[in-house]
Amino acid sequence: MSLRRQAVAGVRALFRRRRADQDVSDEVEHFVEQSVRANLSRGMSPSDARRAARLEVGSAVHVREQMRDEAWENVVETFIADVRYAARRLRAAPGFTVVTLGTLAIGIGATTAIFSAVNPILFKALPYPNANRVTVVWEVRADGGSIDGSFGMYRELAARNRSFEALAVFKGWQPTMTGPAEPERFEGQRVTFEYFRVLGITPAVGRTFEISDDRPGGPNVVILSDRLWRRRFAADAAIVGRQITLDDASYQVVGVLPPAFENVLLPDAELWAPLQYGMSQGRAWGHHLRTIGRLRAGVDAAAATRELNQLGNTVIGELHPPTYGKTTAMLVEPLQNDITRSVRPALLAVLGAVALVLIIACVNVTNLLLARGVRHQSEFALRAALGAERRRLIRQVLTESLLLSTLGGVAGIGVAAFGVRALVALSPPGLPRLNAIDVDASAFLFAFVVTTAIGVAFGLLPAIDAARSDPHGALQSDTRRATYGHRRARAALVVAEVALALVLLVTSGLLLRSLQRLFAVDVGFDATHVLTMQVQTGGERYRDSATTIHFFEQALAAVKQVAGVETAAFTSQLPLDGKADDRYGVAFESKAARPANDDPSAFRYAVAGDYIQTMRIPLERGRLLNEHDRSDSPPVALINESYAKRTFASIDPIGQRLRIGPLQGVTIVGVVGDVRHTSLAVARSDAVYVSEQQWPFVDNVMSLVVRTRGDAADLAPSIRAAIWSVDKDQPIVSVALMSDVVARSAAERRFALMLFEAFAIAALVLAAAGIYGVLSGSVAERTREMGVRSALGASSGMLLRLILRQGLTLTALGAAIGLVGAVAAGKAIRSMLFGVTALDGVTYAAVIALLTAVSALACAVPALRASRVDPALTLRAE
Amino acid sequence: MTVGFPFDCHILTVNRNGHILTLMAEPTTDVIQGTLDMLILKTVSLEPMHGFGIARRIEDISRGVFKVNPGSLMTAFQRLERAGWLDSEWRQSENARRAKFYTLTKAGRKQLEVETTDWERRTSAVARLLRAEA
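Heads up: these notes are all about the structure in this document. Just so we're clear, the structure is a prediction, and the values are computed from it rather than from any experiment.

Conventions used here
- Residues numbered from 1 in each chain as written.
- Chains lettered and ligands numbered in written order.
- Predicted model: local features only at pLDDT ≥ 70, side-chain atom pairs only at ≥ 80, totals over all residues.
- Heavy atoms only, no water.
- Helix = DSSP H or I, 4+ residues; strand = E, 2+ residues; numbered from the N terminus.
- Contact = heavy atoms within 4.5 Å.
- Pairing = 2+ DSSP bridges.
- Axes fitted to C-alpha atoms, helices over the stretch in contact; angles between N-to-C directions.
- Polar contact = N/O pair within 3.5 Å; in protein donor to acceptor, adjacent residues only side chain to side chain.
- Phe/Tyr/Trp six-rings, centres within 6.5 Å; stacked < 30°, edge-to-face > 60°.
- Buried < 20%, exposed > 50% of the residue type's maximum accessible area, 1.4 Å probe, protein only.
- Buried area = accessible area lost by both parts, 1.4 Å probe.
- Salt bridge = Lys/Arg side-chain N within 4 Å of Asp/Glu carboxyl O.
- Nonpolar A, V, L, I, M, F, W, Y, C, P; charged D, E, K, R; others polar.

Remarks on the overall build of chain B
Reasoning step 1: Along chain B, the regular secondary structure elements total four helices and six strands.
Reasoning step 2: Reading chain B from its N terminus to its C terminus gives the helix and strand order β-β-β-α-β-α-α-β-β-α.
Reasoning step 3: A separation of at least 24 residues holds for 47% of the contacts in chain B among residues at least 6 apart in sequence.

Quick look at the sheet that holds strand E4 (residues 49-50) of chain B
The strands that make up a sheet pair up through hydrogen bonds in the backbone, lying either parallel or antiparallel.
Residues and elements named next belong to chain B.
Reasoning step 1: Here three strands make up an open sheet; going across it, the order is E4-E6-E5 and the pairing antiparallel. The two strands at the open ends of the sheet, each matched to only one other strand, are E4 and strand E5 (86-92).
Reasoning step 2: Where E4 lies against strand E6 (residues 98-104), two bridges are found, and the strand directions are antiparallel. Bridging from a neighbouring strand, Met49 pairs with Tyr102 of E6.
Reasoning step 3: The sheet strands contacting helix H3 (residues 70-83) are E5 and E6, and the helix crosses E5 at an angle near 120°.

A short note on the environment of Ser745 of chain A
All names here are of chain A.
Reasoning step 1: Secondary-structure assignment places Ser745 in the loop between helix H21 (738-744) and helix H22 (747-781).
Reasoning step 2: Note: C-alpha distance between Ser745 and Ala681 (64 residues apart in sequence) is 9.7 Å.
Reasoning step 3: When sequence neighbours within four positions are dropped, the list of residues in contact with Ser745 reads Leu576 and Leu680.
Reasoning step 4: Among the polar contacts made by the side chain of Ser745, one reaches the main-chain carbonyl oxygen of Val742 at a distance of 2.6 Å.

Considering the packing of aromatic side chains
Aromatic ring pairs: the centre-centre distance and the angle between the two ring planes describe each pair.
Reasoning step 1: One pass over the full model with this rule turns up 24 aromatic pairs over all chains.
Reasoning step 2: On the basis of an interplanar angle of 85° and a centroid distance of 5.3 Å, the ring pair of Phe31 of chain A and Phe52 of chain B is categorised as edge-to-face. Of the two residues, Phe31 of chain A is situated in helix H2 (residues 17-41) and Phe52 of chain B in helix H2 (residues 51-61); the pairing between them involves two chains.
Reasoning step 3: By relative accessible area, which is 2% here, Phe31 of chain A ends up buried.
Reasoning step 4: Judged by its relative accessible area of 6%, Phe52 of chain B falls in the buried class.
Reasoning step 5: An angle of 75° between the planes, with centres 5.9 Å apart, marks the rings of Trp695 of chain A and Phe697 of chain A as edge-to-face.
Reasoning step 6: Residue Phe697 of chain A is classed as partly exposed on the basis of its relative accessible area, which comes to 37%.

Some words on unusual backbone geometry
All names here are of chain A.
Reasoning step 1: Positive phi outside glycine occurs at Ala234, with the angle close to 50°.
Reasoning step 2: Counting through the fold element by element, Ala234 comes out in the loop between helix H9 (226-233) and strand E9 (243-246).
Reasoning step 3: Non-glycine residue His529 carries a positive phi angle of around 60°.
Reasoning step 4: Mapped onto the secondary structure, His529 falls in the loop between helix H16 (480-520) and strand E14 (530-536).

Some remarks on the interface of chain A and chain B
Reasoning step 1: In this assembly, 30 residues from chain A lie in contact with 33 residues from chain B.
Reasoning step 2: For the pair chain A and chain B, the summed buried surface comes to about 2,700 Å²; carbon and sulfur atoms form 49% of the total.
Reasoning step 3: On the chain A side of the contact with chain B, Glu27, His30 and Phe31 of chain A bury the most area, a combined 24% of that side's loss.
Reasoning step 4: At the junction of chain A and chain B, the tally comes to two salt bridges.
Reasoning step 5: For the pair chain A and chain B, the interface holds four residue pairs in polar contact (both at pLDDT 80 or more).
Reasoning step 6: Counting residues per element, the ones that place at least two in the side of chain A that touches chain B are helix H1 (2-15), H2, helix H3 (46-57) and helix H4 (60-70) of chain A.
Reasoning step 7: Considering each element in turn, the side of chain A that touches chain B owes the most residues, 13 residues, to H2 of chain A.
Reasoning step 8: The residue makeup of the side of chain A that touches chain B, split by class, is 11 nonpolar, eight polar and 11 charged.

Notes on the pattern of salt bridges
Two side chains of opposite charge can pair, provided their charged atoms sit close to one another.
Reasoning step 1: All told, the structure shown has 39 salt bridges over all chains when counted by the stated rule.
Reasoning step 2: The salt bridge involving Arg207 of chain A is made with Asp213 of chain A; its shortest N-O contact spans 2.8 Å.
Reasoning step 3: Look at Asp213 of chain A and you get buried, because its relative accessible area is 3%.
Reasoning step 4: One salt bridge connects Asp37 of chain B with Arg79 of chain B, and the closest N-O pair in it is separated by 2.8 Å. Linking Asp37 of chain B in helix H1 (residues 35-46) with Arg79 of chain B in helix H3, this pair joins segments that are 42 residues apart in sequence.
Reasoning step 5: With relative accessibility at 9%, the residue Asp37 of chain B sits in the buried group.

All quantities given are derived from atomic positions and should not be read as evidence of function.
Set out below in structure tokens:
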């Protein structure tokens, strides 16, 4: 009751201050009047009565103050007054305010944005119960590379192991849904029945897969993602049991996953069906399935690895599977490590870079506040001398610092929100968990608190100084010793800024040179004027491999008819598209062949049409594949040059025979140039090109490559139309220029480079601002000295040089310290470099030149000002 | 805690409960903190009254022992009003000026009883002590 009255009365007083004041005045006036009347009635003269009453009551203003002092709203009012005053002071120094706010916004915003992106990817647990027990199982090749597992191995391991609660294998699945609505192709997965148990997820509606679903010829059942259920089925409550048509077959929906489910193994997946493999199938031992497992509580990845290694070798010893060597090695790794492996070094490097930016921002804020403090020292001294309470002074400075930090924080949130959105938009395709990225409140708080603490600490220094010190001394112009100390501190801060900026500049320089080197790499084919798209066959009609081959042949013929098409071909995989990793073990029959060093596998390209010509891969020896290499003719293959050289040395490879995966007795008929398959940076180029017709099974997803005469992009619609003229139900996806595919293959590096460049530029600008600030402050303080020097005969050129030297000395000192850091930073990002060493001379030279030029520029303005000092004026002014 | 004592601009040290620790003032003009509230409540309990009336009444009845400064008085009104013990009302006074009249609320009456009892308990205790001393 009384608390409410307190609040209401206080708020009313706050918002209706004038009315409240009027009430008090009225009451006081009434009091006075009554008092006068009483005095009169006591026999005083009217003027005496009035004077006595006034004396008794005092002024209305005084009463008002007294009443306000006791009311709680007074605190609010003082605070508002302080904020107003602080705002006025900040407005009066727009340069300082803008630079400080900008620095805070960049420091807080960039740190928050980067941490927001990195945190869910690298540090936060995956969104599964006991996520640390969810692991990936790889089979490890002799060269240390990891390969997919096989169904046979999964079955054996699942039956024998003691380390896992559940194991599952899966592969990608892109079914096309037909029905009343337009046909649509989805990303999905074929999974063994325990897939969701491994992840620890149960459907929100319906059931998960059971072992009875997961056998050859088992029922066609499917589980939907929440998104798909809402989008395609309007969140139909009676979805379970409904039949939907996928690839011309009818599937029964058995469950819908919860809305929060995040499938990190394939983020775009929207539906899941059982794998339904059996051991009698030829593919049972093929390495094309990924394996995941949920560890039992208390079992770690290393122990599980040991067990699976042992079991794997037992299985090989008992069953002698054809696709395995004499021994095998297994690797169990936490799922989180697995999905972040490719991006981890870049993300950690970026995190390091942004930490440097935050430090630079802090240094800059410190610097700015120190400079401001020096300028305001005498003001504080004066106010202290005039009787301002120390508490009051400090409170005002505190308000100002907090106002500055708050504004900086607000701007920082803006930068962070924008930054996070930009990061997601620009992120490379390999970045996992994109949808989990959001502005991270704790990161923001951290950056905000750090910068605020610094702002408050360094903002308070001058006020404490003023309040503590004897104002008399401070008021006299004997501030030179104090400012000298401050100047030293500020010079040290500038040195630190330059050093940090150099570290960032060198690292981003190294990354830039790496990217340049990378794009200078000869990919082995000509990507200009080549259009690519993925064409897929699916459905009942294409169960038959002859039909599939026929479809691709017809589609190719139709594409070739399109005006502007020079040559065209289908290939089972496209180099550098990020998915090209279709490798098979290769064995050469000839005894002359040198055994492969460690990894006997090569990339398999099953092609139809003029693939080599279309890609303009040079033919070194022999002949190309042609239309005579049909399923009924003897199998032939092309291999690449370095592969041939390494294997056959001086012997002619033409006519030699090899076995690749399931295809035996293949004669080498030609040797073609080396091609980069998986990434520009990976030289591994062993490849075998065979005719699609001669490969034992049919690839139902092929990439079309088309060389065009004019602009390749213009032909995309007519080429698509040509394919659909053969069968309008076959989905076409991933339409892209080959040159873009190549460029995208370096997207992760480009992403890291872009961030580093942004940070380096920010660092450079902040460092330049720091140099400028220190020098212009020092010139202003030394105006008198300049005047004396000038009067004693120093030319303006000499003065110019004096200041320039001062500035460049700071730069040189900073650069020298920064070099040490840069060498360390270069070493730290070594894994991201390509074609340059961490000590690349060109980078270092260029960065030092740039830094010198920028700092010279920052020195120039204060130096010019110093050189133009008029001795007569300055001396008189003192 | 040190607070500005709200009347006569004397500085007092008072603890949270309003108990006075030190007091430096001429004896005739001071109203002990807490006591002022009680005196106001008591005065208003007789009839609704405006500020001057209350001041004069306290002065008269105490025979000039307590002289209340208007600033302290109005601060006390503000406090008591916000505590819910007084209600106020603007009335037109005799010569058409706005005058604020205070009345005692139900809660105020209860508070007055509490304070009166408390006061009597204290004074009788002090009186007993003084008698024993003498």
